[in-house]
Structure formats: structure tokens, C-alpha cells
Amino acid sequence: MSAYQRPLRLAMVGGGKDAFIGAVHRHAAALDGRYQLVAGALSSTPERSRASGAALGLPPERSYGTWEELLAGERDREDGAEVISIVTPNHMHFPVALGAVQAGFHVVCDKPLVHTMSQAQELEAAVQAAGNVFAVTYNYSGYPLVRQAREMVRGGQLGDIRKVIVEYHQGWLATEQHGKQADWRTDPSRSGPAGALGDIGTHAEQLVSFVTGLHLQEVAAELTRFVPGRALDDDASMLLRFGGGARGLLTVSQIEIGRENDLRLSVFGTQGSLSWRQENPNVLVYDRLDAPRQLLTRGGPGLGTAAQQATRLPSGHPEAFIEAFANIYTGVADDIWARRSGESSEVLYPTIRDGVQGVAFMERVLTSAQEGGRWTAF
């Protein structure tokens, strides 16, 4: 990008020692050389936070005990952080994100954005007032062939969209689990009012929106808690009605034994269909009316600009999860530099608006399920 000048200074809140997603974010941010990690408040206690900072090589004065200390300390430094990455459990997203925005930082926040629509609206208003970049890491929108699918659907190659099916199935919570990752995801005080719905259902909803551009108008949902004693849903099924007459089916589960990270999307139109699977992310299946099936491969011939720009390796070399995250981070960095240079920038990364839409989706699904699956409008 012509606007790019140097790595942006990045600080991280959460994501310390033994945190899977924190390491993913750090690797992704570093992959294209767009960021340098300079500070962190990496855990829920000052002692663990400083220990994690030391393990990552952060200087003691920039390995903060709390996120409040981090925002205050970095804001007052001439060489302070410019971007705050938030990779905490869900209950901390709102206070940290709001504080970071109000302190003038750009923000990259994990999903789901916050717990409630009132929080989401307050945060969105703060972002609009500050005028800074705010991204939400719906990372599946960073896959090259997901971007190819978006380009094809929105370019009319499938005709009018009739039906969308999105499935996100895992099995790791099929029994009662304990440990850092399971504990907070099954705890309403930290995860929020949704379990599997919030953890992976919001990914599924955002994937549909990103690829198709369809506006979700109504949902009829059923949420289930299969594991005895579990406080939040571990399985969800819902019917979707979109503007323009398209229909959809969205299912998510974390109790399906044998499923690992099985996210699948199929889009059916009047002239063709597309199918993509996260566990085989370098292939996009394209079926046209009265024409042979076509397999589009990442890095291969026939791809559009968006997919090509999101690709680093030649065709046949696996490229996947961390690279998709990196495409989000790199898009954020390029947008920041474009704004600073007064240049225009095409925004393909998920923004605060996508995060707010995800919270609205959760609330409508919860309402529908609580009312016996009644169709609930957006």
C-alpha cells in the first residue's frame, strides 16, 4: 500500500500465557510486518499479567498490571501504542473497548462485541465520535476464497439468491469440561447470555452477511442445553428470512462428537451455487446451471482481486487460519495509514457495525427461543 510507512505500535489486553487466541492474534499481527507489540496488560491479575509480559519480552515498564494502567501509560508516551488489541473473555470487551476508544486509540476487538445492545450502541456512538478505526475479528471473512465468494455473489454470478445454509459444528463441549477456555465460555457472567450462539453462531451470521450482503429480517430459533447443569446453550438451530425473499438455515453446535471446527457455507441462487468449508479452506465449489462443476483454488487461476490480495503463498501450499486473521489485521493497518495520508481505502475487514449487528442477532435469537421459536423481526 502506498500509504504504509512503518509498523504500527500495538498493545494487547488479555491473551497472556496459555491463552490460545492471544498467540493467534500476535502471530497474525506480525505476519505482514504491519505491527510491533510494544505493551500489554495480558491477564486478569497484575502478577500474571506482568509475568506474561516478561515471557513475551516486553520491558517491565510497559508490562502493565491492569488495562486501565495500560491505557493511561501508553496514552502519555510519545512512543505509545497506537492500536489496542482486545482478546479478553467477553465480559471485558465493553469497558476496555470503550476506554480505549475514548482515550484515542484504534481498536481491534475479539467477538462477540459486547453483551447487550445498549452497550453496543454506546460503543458505536463513541467510535463515531472519535473517528478512529475499530475492527472486530470475525476472522473467517479474511479467507481468500470467502472473499472470492463475496465477489462472485455480489457480482451477480449466482443470479438472485434463493437460499443460504451455514453450519458451524464442534464437539469439544460434548461433556462437562473444566479449564481456562471452557470455564469462561459456559459462565453467563463472563460469556454473556449466549453460549454456542455467541461463541460460534455470531461467526456464522457474519459470514453470511459478508458474502451475500443480504439483510436479515426475521429469525425463528431453538436453543438447547444438552449437557446437564450447563447454564448456556450448547446447540442452536434457526430459520432465517432475508429481505428480497431469500431464506436461510443456520445451525451451530458444540456437542457433536467428532466435529472439530466444521464451518460450512452454501449459497444457492437462480443461476448457480457456491460452497465453502473452513476445514478445506483453499477450495471453493462453484456449480452453474447447466454447466460442469468448477473448483476454484486459492492462488489458482480465475480469481478476482479480493482473493488475490488476500493470498500470500502459491497455489497448493496450505494457507489458512492465522493468515485469515492476518488479513484482518493488515486491512486495519492499511486503513489507518490511508486515513493518515488522506487516501481512500476499501474496507473489507469487519467493523464496529458488524459487531453491533452480531449483538442484535444474538438478542433476536434469544428472544425467539424464549418464546418457543416465534418468528422475531430485526
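Here, the structure is the one placed above.
Residues numbered from 1 in each chain as written. Predicted model: local features only at pLDDT ≥ 70, side-chain atom pairs only at ≥ 80, totals over all residues. Heavy atoms only, no water.

S.K.: Would you explain the overall build of the protein in this entry?
M.R.: For the protein, the helix and strand inventory stands at 12 helices and 14 strands. Dimensions along the principal axes, computed over C-alpha positions, put the protein at roughly 65 × 55 × 40 Å. Taken over 378 residues, the protein has a buried fraction of 55%. Of the contacts formed within the protein by residues at least 6 apart in sequence, a portion of 69% connects residues at least 24 apart. Within the structure as shown, the protein displays about 15,900 Å² of accessible surface, and the carbon and sulfur contribution to it stands at 50%. The centroid of the 35 positive side-chain charges in the protein is displaced by 2 Å from the centroid of its 42 negative side-chain charges. (Helix = DSSP H or I, 4+ residues; strand = E, 2+ residues; numbered from the N terminus. Buried < 20%, exposed > 50% of the residue type's maximum accessible area, 1.4 Å probe, protein only. Contact = heavy atoms within 4.5 Å. Areas by Shrake-Rupley, 256 points an atom, 1.4 Å probe, with all protein chains shown as cover. Lys, Arg positive; Asp, Glu negative; His and termini not counted. Charge placed at Lys NZ, Arg CZ, Asp CG, Glu CD.)

S.K.: What should I look at first to understand the sheet that holds strand S1 (residues 8-14) in this one?
M.R.: Spatially, 5 strands are ordered S2-S1-S3-S4-S5 in an open sheet, and the strand pairing comes out parallel. Edge positions in the open sheet fall to strand S2 (35-41) and strand S5 (134-136), since each of these has one partner strand only. On average, each strand axis in the sheet is tilted by 20 degrees relative to the strand beside it, whichever way the strands run. One ladder, built from 5 bridges, connects S1 with strand S3 (residues 83-87); its direction is parallel. (Pairing = 2+ DSSP bridges. Axes fitted to C-alpha atoms, helices over the stretch in contact; angles between N-to-C directions.)

S.K.: Just checking my understanding: could you explain the pairing of strand S4 (residues 106-109) for this structure?
M.R.: Regular strands place their side chains on alternate faces of the sheet. Of the two faces of S4, the one lined by His 106 and Val 108 and the one lined by Val 107 and Cys 109 are each fully buried. Note: S3 against S4, 4 bridges, orientation parallel. Bridging from a neighbouring strand, Ile 86 pairs with Cys 109 of S4. As a crossover connection, the stretch from S3 through helix H4 (residues 93-102) into S4 is right-handed. One crossover worth recording links S4 to the parallel S5 by way of helix H5 (residues 117-130), and it is right-handed. (Right-handed = clockwise from strand over helix to strand, strands pointing away.)

By themselves these figures say nothing about function.
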